[in-house]
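# Notes for the structure review
Listed here are the chains, written in short residue letters.
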Amino acid sequence: MNEEKIIKNLKKLILHASFNAQEGHIPSAFSILDILYVLYDKVLNINFSNLKDISRDYFILSKGHASLAHSAILFHKKLIKESDMLNYCSFDGILGGHLDRLKVPGVEISSGSLGHGVSVSIGISLASRIRKINNKVICLCGDGEANEGTFWESMLLSTNLKLSNLCFILDYNHSNDRSIKLEPLYDKFISFGLNVIVIDGHNHEQIYNSLNSLNLKKPNVIIANTIKGKGIKIMENNPEWHHKFPKKEELNQLLIDLDS
């Protein structure tokens, strides 16, 4: 099965999970799904057999409300079951709006408040260096987090510590523009001392190449230009759908739109 078909099938699973739960941030999940697919399928050394190995790679989803995307990828990598996806946000299910690291294999933090994942990733990165572990620590964050002071404090700390095994990926879907515009974002990261790469966050080749051309002397940030709700026109960059879940008749139409 080609990658485009895999991504479409995972998006359909996300739609069904959200419909069953009447919960979830679908557009945010669609925004990062391509990034997560490339990370878990081609870059990160994370699998069911090495989760207790401290020398493995680490992935931190700082924009935790996009948990449906992370859950879908964990299902794709056979870390959780399809039934877990379809029981999303149920009383006896393991998956919630923010994933619980004590319940879900492969989840590093029980996220919540925006911006905390970037500081946690710094701690993991520093601990790996102290232990002389040669691994990757990848933190995926949203542009909304850049409104938080802890976000920029973390950027400053990461460069002061010269955490070269650490890479931030910013899901730049411009949902933050309605609050505070971040431009010139590239210049801001440069001024904080990070190595900056700009890509199309839905182009698998660009995602992969950026993760294999990181600066090995300083922390990196990849600005991934994305479309919130990518793949469904009525949902793309539409604030109405930020935390909207489909009704039955909407679900059927959304599934059709994904195949169009």
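Residues numbered from 1 in each chain as written. Predicted model: local features only at pLDDT ≥ 70, side-chain atom pairs only at ≥ 80, totals over all residues. Heavy atoms only, no water.

## Looking at the overall build of the protein chain
Each helix and strand counted, the protein chain has nine helices and five strands in total. Going from the N terminus to the C terminus, the protein chain shows its helices and strands as α-α-β-α-α-α-β-α-β-α-β-α-β-α. Taking 18 Å as the expected radius of gyration for a compact globule of 260 residues, we find that the protein chain reaches 17 Å, a close match to that expectation. In terms of principal-axis extent, the alpha carbons of the protein chain reach across some 55 × 40 × 35 Å. Considering only residue pairs separated by 6 or more positions, the protein chain has 73% of its internal contacts joining residues 24 or more positions apart. (Helix = DSSP H or I, 4+ residues; strand = E, 2+ residues; numbered from the N terminus. Rg over C-alpha atoms; globule rule 2.2 N^0.38 Å. Contact = heavy atoms within 4.5 Å.)

## Quick word on the side chain of His65
Note on placement: His65 falls in the loop between strand S1 (58-61) and helix H3 (67-76). The contacts of His65, once residues within four sequence positions are left out, are His25, Ser28, Gly97, His98 and Leu114.

## Quick notes on the pairing of strand S3 (residues 166-172)
In terms of burial, S3 is a largely internal element, seven of the seven residues being buried. Here strand S2 (residues 137-142) pairs with S3 via six bridges, running parallel. Directly across from Gly142, in S3, lies its bridge partner Asp171. Handedness of the crossover joining S2 and S3 through helix H6 (residues 149-160) is recorded here as right-handed. (Buried < 20%, exposed > 50% of the residue type's maximum accessible area, 1.4 Å probe, protein only. Pairing = 2+ DSSP bridges. Right-handed = clockwise from strand over helix to strand, strands pointing away.)

## Considering the pattern of salt bridges
Following the criterion strictly, the structure yields nine salt bridges and no others. Residue Lys8 is joined to Glu4 by a salt bridge in which the shortest nitrogen-to-oxygen separation is 4.0 Å. Taken together, the positions of Lys8 and Glu4, both in helix H1 (residues 3-21) and four residues apart, correspond to about one turn of that helix. Accessibility expressed as a relative area gives 56% for Glu4, which makes it exposed. Between Asp171 and Lys63 there is a salt bridge; the shortest N-O distance is 2.7 Å. One end of the pair, Asp171, is in strand S3; the other, Lys63, is in the loop between S1 and H3, with 108 residues separating them in the sequence. One salt-bridge network, in which partners are shared between bridges, spans Glu240, Lys244 and Glu250. (Salt bridge = Lys/Arg side-chain N within 4 Å of Asp/Glu carboxyl O.)

## Observations regarding the side chain of Lys12
Note that Lys12 resides in helix H1. Lys12 sits in the buried class, given a relative accessible area of 19%. Beyond its immediate chain neighbours, meaning those up to four positions away, Lys12 contacts Leu255, Leu258 and Asp259.

## Some remarks on the nonpolar core
Ranked by internal contacts, the top residues of the largest apolar core, which has 54 residues, are Ile14, Leu15, Leu39, Phe59, Met85, Ile169 and Leu211. In terms of residue count, helix H2 (residues 26-43) provides more of this core than any other element does, 12 residues in total. Sequence-distant contacts of Leu211, defined by excluding residues within four places in its chain, comprise Leu39, Val43, Ile138, Cys167, Ile169 and Ile222. Val137, Phe151, Met155 and Leu185 belong to the second largest nonpolar core, which has 25 residues in total. (Core = buried A, V, L, I, M, F, W, Y, C linked by side-chain atoms within 4.5 Å.)

## A look at the pairing of strand S5 (residues 220-225)
Counting buried positions along S5 yields five of six residues, so the element is predominantly enclosed. When S3 meets S5, the two strands line up parallel, connected through six bridges. Bridged to Phe168 within S5 is Val221. Relative to S5, strand S4 (residues 195-200) runs parallel, the two sharing six bridges. Bridging from a neighbouring strand, Asp200 pairs with Asn225 of S5. Viewed along the sheet, the connection from S4 through helix H8 (residues 204-211) into S5 turns out right-handed.

## Details of the packing of H1 against H3
Where H1 meets H3, the axes come as close as 10 Å, and the angle between the chain directions of the two elements is 125°. With respect to H3, the element H1 is oriented oblique. Remark: the crossing between H1 and H3 carries right-handed chirality. Only Leu68, Ala69, Ala72, Ile73, Phe75 and His76 of H3 make contact with H1, whose side of the interface consists of Ile6, Leu10, Leu13, Ile14, Ala17 and Ser18. Per-class residue counts for the contact of H1 with H3 are 10 nonpolar, two polar and no charged. (Axes fitted to C-alpha atoms, helices over the stretch in contact; angles between N-to-C directions. Parallel < 35°, antiparallel > 145°, perpendicular 65-115°, else oblique. Left-handed = near helix turned anticlockwise from the far one by under 90°. Nonpolar A, V, L, I, M, F, W, Y, C, P; charged D, E, K, R; others polar.)

This is a description of form; function is not addressed.
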